Amino acid sequence: MDDQRFMTAALAEARKAAARGEVPVGAVIVRGGRIVARGSNRPLASGDPTAHAEIVALRRAARRAGNYRLPDCDLFVTLEPCAMCLGAVVQARVRRLVYGAADPKAGAVSSVMTFPFDRLNHRPEVLGGVLADPAAALLKGFFRRRRGSGPAGPRRARTAGAKFPFGPRDG
């Protein structure tokens, strides 16, 4: 089935994020049965809080298409998108959103909130749970290692090496 094939490609992107120390979420954009863009989480590496896998892939697909609207494209992502990413899906007019694991901490399709697609001018088709088990296992393993209970050893402080341009009150 094509959904599983494309989700497998998104899982490969998630593994790339994990190898860089980023939360392992990956995404691919598909048009006409072909992957036209890939993305993996990179907010730490880029210093950009919006650099979620979905946003990275959408930006790449839009550049390639020469248009920010992607009505003939499908987005495959390993984790249920957050509200920011769902907003980008709507703005890009993505035809179909397919995700793997539910996100009980930030998922905005149905886990933490139910995104108000019915009140918007664009409603992508949404399918969740495709290869959810391997996607969830990748995330659980990553966080287990970060907490120090896995083979990667003790967790680094989140702020180690981070650069904050603002002081505590400049926020």
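Source: prediction; values computed, not measured.

Caption draft 1: Structural view of the nonpolar core. Within the largest apolar cluster, 31 residues are counted, with the highest numbers of intra-cluster contacts made by Ile29, Leu58, Leu75 and Leu86. When residues of this core are traced back to their parent elements, those giving at least two are helix H1 (2-19), strand S1 (26-31), strand S2 (34-40), helix H3 (53-65), strand S3 (73-79), helix H4 (83-92), strand S4 (96-101) and helix H5 (132-146). With near-sequence residues (within four places) excluded, Ile29 lies in contact with Arg34, Ile35, Val36, Ala37, Ala57, Leu58, Ala61, Cys73, Asp74 and Leu75. Counting 9 residues, the second largest nonpolar core, distinct from the first, contains Phe6, Val30, Val98 and Val130.

Caption draft 2: Representation of the pairing of S4 in the model. The buried count for S4 comes to 6 of 6 residues, which makes it a mostly enclosed element. Both S3 and S4 contribute to a ladder of 5 bridges, which runs parallel. For Leu75, the partnering residue across the bridge sits in S4 and is Leu97. Handedness of the S3-H4-S4 crossover: right-handed. By the bridge criterion, 3 bridges tie S4 to strand S5 (residues 125-127) in an arrangement that is parallel.

Caption draft 3: Inspection of a positive patch on the surface at higher detail. On the surface, Lys140, Arg144, Arg145 and Arg147 cluster together into a positively charged patch. Tracing the sequence through the fold places Arg144 in helix H5. On the basis of relative accessible area, Arg144 is assigned to the partly exposed category, the value being 40%.

Caption draft 4: Highlighting the packing of H3 against H4. As a packed pair, H3 and H4 sit with axes 9 Å apart at the nearest point and diverge in direction by 20°. Taken together, the axes of H3 and H4 lie roughly parallel to each other. Note that H3 runs across H4; the crossing there is left-handed. Contact with H3, carried on its side by Glu54, Ile55 and Leu58, involves Met84, Cys85, Ala88, Val89 and Ala92 of H4 and no other residues of that element. A breakdown of the residues in the contact of H3 with H4 according to their chemical character gives 7 nonpolar, no polar and 1 charged.

Caption draft 5: Focus on the state of the cysteines. Within the structure shown, the criterion is met by 0 disulfides. Left unpaired, Cys82 is separated from the closest cysteine sulfur, that of Cys85, by 3.8 Å.

Caption draft 6: Spotlight on H1. Over its 18 residues, H1 extends 26 Å from the first C-alpha to the last, a length consistent with the 26 Å expected when each residue adds 1.5 Å. Close packing links the buried residues of H1 with S1, S2, S3, S4, S5 and H5. Immediately downstream of H1, the backbone of Gly21 shows phi near 85°, a positive value.

Caption draft 7: How the structure looks around the pairing of S3. Along S3, 7 of the 7 residues are buried, which leaves the element largely enclosed by surrounding structure. Of the strand pairs in this sheet, S1 and S3 are connected by 5 bridges, and their pairing is antiparallel. Note on S3: the bridge partner recorded for Ile29 is Leu75.

Caption draft 8: Geometry of the packing of aromatic side chains. In this structure the tally under the stated criterion is 3 aromatic pairs. On the numbers, 4.9 Å between centres and 55° between planes, the contact of Phe115 with Phe117 is tilted. Of the two residues, Phe115 and Phe117, neither departs from the other in class, the shared state being buried. With a centroid separation of 5.1 Å and 80° between ring planes, the pair formed by Phe142 and Phe143 is classed as edge-to-face.

Rules used throughout
Residues numbered from 1 in each chain as written. Predicted model: local features only at pLDDT ≥ 70, side-chain atom pairs only at ≥ 80, totals over all residues. Heavy atoms only, no water. Core = buried A, V, L, I, M, F, W, Y, C linked by side-chain atoms within 4.5 Å. Buried < 20%, exposed > 50% of the residue type's maximum accessible area, 1.4 Å probe, protein only. Helix = DSSP H or I, 4+ residues; strand = E, 2+ residues; numbered from the N terminus. Contact = heavy atoms within 4.5 Å. Pairing = 2+ DSSP bridges. Right-handed = clockwise from strand over helix to strand, strands pointing away. Patch = residues over 30% accessible without salt bridge, like charges linked within 9 Å, V, L, I, M, F, W, Y side chains within 5 Å. Areas by Shrake-Rupley, 256 points an atom, 1.4 Å probe, with all protein chains shown as cover. Salt bridge = Lys/Arg side-chain N within 4 Å of Asp/Glu carboxyl O. Lys, Arg positive; Asp, Glu negative; His and termini not counted. Charge placed at Lys NZ, Arg CZ, Asp CG, Glu CD. Axes fitted to C-alpha atoms, helices over the stretch in contact; angles between N-to-C directions. Parallel < 35°, antiparallel > 145°, perpendicular 65-115°, else oblique. Left-handed = near helix turned anticlockwise from the far one by under 90°. Nonpolar A, V, L, I, M, F, W, Y, C, P; charged D, E, K, R; others polar. Disulfide = S-S within 2.5 Å. Expected span 1.5 Å × (residues − 1). Phe/Tyr/Trp six-rings, centres within 6.5 Å; stacked < 30°, edge-to-face > 60°.

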